Amino acid sequence: MIGKRKIPHKYVYGFTTTKGLLLDLDNTTLKESSAIAEKYMNRFHLKGYLILRSSENNYHVVFNHYLTWKKTLEYLFKIVWRYHYHEHGVKPSLTYWAILQACKGSETLRISTKNHKRMPRIVRKHGETDKLCKDYVEYMKELQ
Amino acid sequence: MPKTHAVALYGTTKFKQLKTITYKKHVWKTRKDNVKQRYIKKIEARRSVFVYRDRRITLWGSAKDIRKAKELIDKKGLIPKQKFVDKVSARDFIEHPEKYTKEGEWVDRKEKDSP
């Protein structure tokens, strides 16, 4: 018997939460995303983060600390305010993503494959990863 | 802080929908003065056609429950009933999937922003 072949699903699925801060950074390098994650982790006392590579030059950031939805929106739009007019030019993709999440009432990051893109994989861990980061990894592993 | 997160399933779906169409038909009619005349009659009819729509369902609960719900969706070929079906408990979904979903098909998604 030839090895079991997985039928690819045609929908996309993503980890959704209202209890922590997630970021979708498009058109950035790993160095840039790390700098952003480091800066806002220290500023908002978020204690740790995970950086995931979703595709080439696109990264996801998951901060470890649990937050209320009110605080999450506050921090998210503080980052958006700074990041929209980035030093390397205007980067509105995070702004669009943040507006969509605010409309929805929760934040979503993809954990599945999408068209030609592979599922996101962890490229950097920093600080504590025992709260939201752990939940994210648990959901990702369970739904693979 | 309660440990409940969710998984959102989104994509393009294909399903049958009833659509009202109007077609023309030539009909012969006898006038009062006994002259036969042909005229065009408009007839309305209902036809089921395939439609493509973007849909999203958000399942809340533990990872295990969501995996079971996802397997159910894959097995039975279910799609969300409305455009956005949010705040669905995964446990409730496993017991009563007909409340939130109907039969349909997920099709390959074009490059698009996440809803």
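Treat the numbers as computed from the prediction; the structure is a model and nothing was measured. (Residues numbered from 1 in each chain as written. Chains lettered and ligands numbered in written order. Predicted model: local features only at pLDDT ≥ 70, side-chain atom pairs only at ≥ 80, totals over all residues.)

Draft legend 1. Up close: the overall build of chain A. The helix and strand inventory of chain A stands at four helices and eight strands. Radius of gyration (C-alpha) of chain A: 15 Å, near the 15 Å computed for a compact globule of 144 residues. Considered along the principal axes of its C-alpha atoms, chain A spans approximately 55 × 30 × 30 Å. Among the 144 residues that make up chain A, the fraction classed as buried is 40%. Counted over contacts in chain A with a minimum sequence separation of 6, partners at least 24 positions apart contribute 73%. (Helix = DSSP H or I, 4+ residues; strand = E, 2+ residues; numbered from the N terminus. Rg over C-alpha atoms; globule rule 2.2 N^0.38 Å. Buried ≥ 20, exposed ≤ 12 C-beta atoms within 10 Å, placed from the backbone. Contact = placed C-beta atoms within 7 Å.)

Draft legend 2. Geometry of helix α3 (residues 93-104) of chain A. Residues and elements named next belong to chain A. The first and last C-alpha atoms of α3 sit 17 Å apart over 12 residues, in line with the 16 Å expected at 1.5 Å per residue. Listed as buried for α3 are Leu94, Trp97, Ala98 and Gln101. The buried residues of α3 occupy an angular sector of 100° when projected down its axis, which confines them to one face. Where α3 ends, the next residue or the one after it, Gly105, has phi of about 90°, a positive value. (Expected span 1.5 Å × (residues − 1). Arc of directions from axis to C-beta.)

Draft legend 3. The sheet that holds strand β4 (residues 58-66) of chain A, seen in detail. All names here are of chain A. Pairing is antiparallel across the open sheet formed by four strands, whose spatial order is β2-β4-β3-β8. Strands at the two margins of the open sheet, each flanked by one partner only, are β2 (20-25) and β8 (121-127). Taking the axes of each pair of neighbouring strands and ignoring which way they run, one obtains an average angle of 15° across the sheet. Examined bridge by bridge, strand β3 (residues 48-55) and β8 share six bridges and lie antiparallel to one another. What sits directly across from Leu52, in β8, is Ile122. (Pairing = 2+ DSSP bridges. Axes fitted to C-alpha atoms, helices over the stretch in contact; angles between N-to-C directions.)

Draft legend 4. The interface of chain A and chain B, seen in detail. The interface is formed by 22 residues belonging to chain A together with 23 residues belonging to chain B. Secondary structure elements with two or more residues in the side of chain A that touches chain B: β1 (12-17), α3, β7 (107-110) and α4 (132-142) of chain A. Sort the elements by how many residues they give to the side of chain A that touches chain B and β1 of chain A lands first, with six residues. Broken down by class, the residue content of the side of chain A that touches chain B amounts to nine nonpolar, seven polar and six charged. In this sheet, strand β1 (residues 5-30) of chain B lies alongside β1 of chain A in antiparallel orientation, the contact comprising five bridges. When the bridges of β1 of chain B are listed, Phe15 of chain A appears paired with Val7 of chain B. (Nonpolar A, V, L, I, M, F, W, Y, C, P; charged D, E, K, R; others polar.)

Draft legend 5. Spatial organisation of the domain arrangement of chain B. We note that the domain assignment places domain 1 (5-15 + 52-107) and domain 2 (19-48) within chain B. For domain 1 of chain B and domain 2 of chain B, the distance between their C-alpha centres works out to 45 Å. (Domains from an automatic or database assignment.)

Draft legend 6. Inspection of the packing of α4 of chain A against helix α1 (residues 63-76) of chain B at higher detail. Running from N to C, α4 of chain A and α1 of chain B cross one another at 30°; their axes reach a closest spacing of 9 Å. If you check the angle between α4 of chain A and α1 of chain B, you find them roughly parallel. Crossing of α4 of chain A against α1 of chain B: the hand is right-handed. Only Ala63, Lys64 and Arg67 of chain B of α1 of chain B make contact with α4 of chain A, whose side of the interface consists of Glu138, Tyr139 and Glu142 of chain A. When the residues that make up the contact of α4 of chain A with α1 of chain B are grouped by side-chain class, the tally is two nonpolar, no polar and four charged. (Parallel < 35°, antiparallel > 145°, perpendicular 65-115°, else oblique. Left-handed = near helix turned anticlockwise from the far one by under 90°.)

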